[in-house]
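Secondary and tertiary structure notes
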Amino acid sequence: MILPSWNDGDTKRAIVDFVTKTTTEGIPDFVRVPDRIALFDNDGTLWVEQPLYTQLAFLLESVREAAPQHPEWKTTEPFHAALRCDAMWNDDRRVHQNSDGLDRNGSPS
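All of these numbers come straight from a predicted model, not from anything done at the bench. (Residues numbered from 1 in each chain as written. Predicted model: local features only at pLDDT ≥ 70, side-chain atom pairs only at ≥ 80, totals over all residues. Heavy atoms only, no water.)

**With respect to unusual backbone geometry**
Generally, phi is negative for residues other than glycine and the peptide bonds are trans, each holding for most cases. What counts is decided by this rule: Helical segments are the DSSP runs of H or I of at least four residues, strand segments are the runs of E of at least two, and each set is numbered from the N terminus.
For the peptide bond that leads from Glu 77 to Pro 78, omega is 5°, which places it in the cis range. Along the chain, Pro 78 turns up in the loop between α2 (54-66) and α3 (79-84). Of note, Leu 3 is a non-glycine position whose phi angle comes to about 50°, a positive value. Note on placement: Leu 3 falls in the segment before α1 (10-23).

**Thoughts on the confidence of the model for the chain**
For clarity, the cut-off: Scored from 0 to 100, pLDDT reflects the predictor's confidence in each residue. Contact between two residues is taken to exist if any of their heavy atoms lie within 4.5 Å; hydrogens are not considered.
In the predicted model, the chain carries a mean pLDDT of 75, and 65% of its residues have values of at least 70. Within the chain, no element has a lower average pLDDT than strand β2 (residues 93-98), which sits at 41, and none a higher one than α1, at 93. Confidence drops under a pLDDT of 50 for residues 86-109, and excluding neighbours within four residues, the segment shows 33 contacts in the predicted structure.

**With respect to the environment of Asp 8**
The criterion, for reference: Only protein chains enter the accessibility calculation, which uses a 1.4 Å probe. A residue is then buried if its area is under 20% of the maximum for its type, exposed if over 50%, and partly exposed in between. Throughout this description, a polar contact denotes any pair of N or O atoms lying within 3.5 Å of each other; where both atoms belong to protein, one of them has to be capable of donating a hydrogen while the other can accept it, and for residues adjacent in sequence the pair is counted only when both atoms sit in side chains.
In this structure, Asp 8 sits in the segment before α1. Residue classification places Asp 8 among the exposed positions, given a relative accessible area of 65%. A polar atom in the side chain of Asp 8 sits 3.3 Å from the side chain of Lys 12.

**Overview of the pattern of salt bridges**
Applicable threshold: Here, a salt bridge means any Lys or Arg side-chain nitrogen found within 4 Å of an Asp or Glu carboxyl oxygen.
Scanning all chains against the criterion turns up five salt bridges. Lys 21 serves as the salt-bridge partner of Asp 29, at 3.9 Å between the closest nitrogen and oxygen. Look at Asp 29 and you get partly exposed, because its relative accessible area is 40%. A salt bridge links Asp 35 to Arg 32, with the nearest nitrogen and oxygen atoms 3.1 Å apart. Assessed through its relative accessible area of 49%, Arg 32 is described here as partly exposed.

Below is the structure:
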């Protein structure tokens, strides 16, 4: 059975039909293996959303990597906020924690 955890319906049929058409040699929609790119996400989007959007994670990491060349960022917003903030998991729940060890409500975590 194909995609056994999925409910039968138009979406499942469309995906299975598309994959069948593009992976079956000899039919007009066939795509050769070297030319294939496949992206799948749980909700049908191409972006991860938790714990951070991909763009935000990239931005924060880029700021952290460039920070040694910019010591003034330690006191300049928004760089200061980006440098001291971190997303982490704690007790099976997401907690936003900064370098002071306080959660987003200012409480010790």
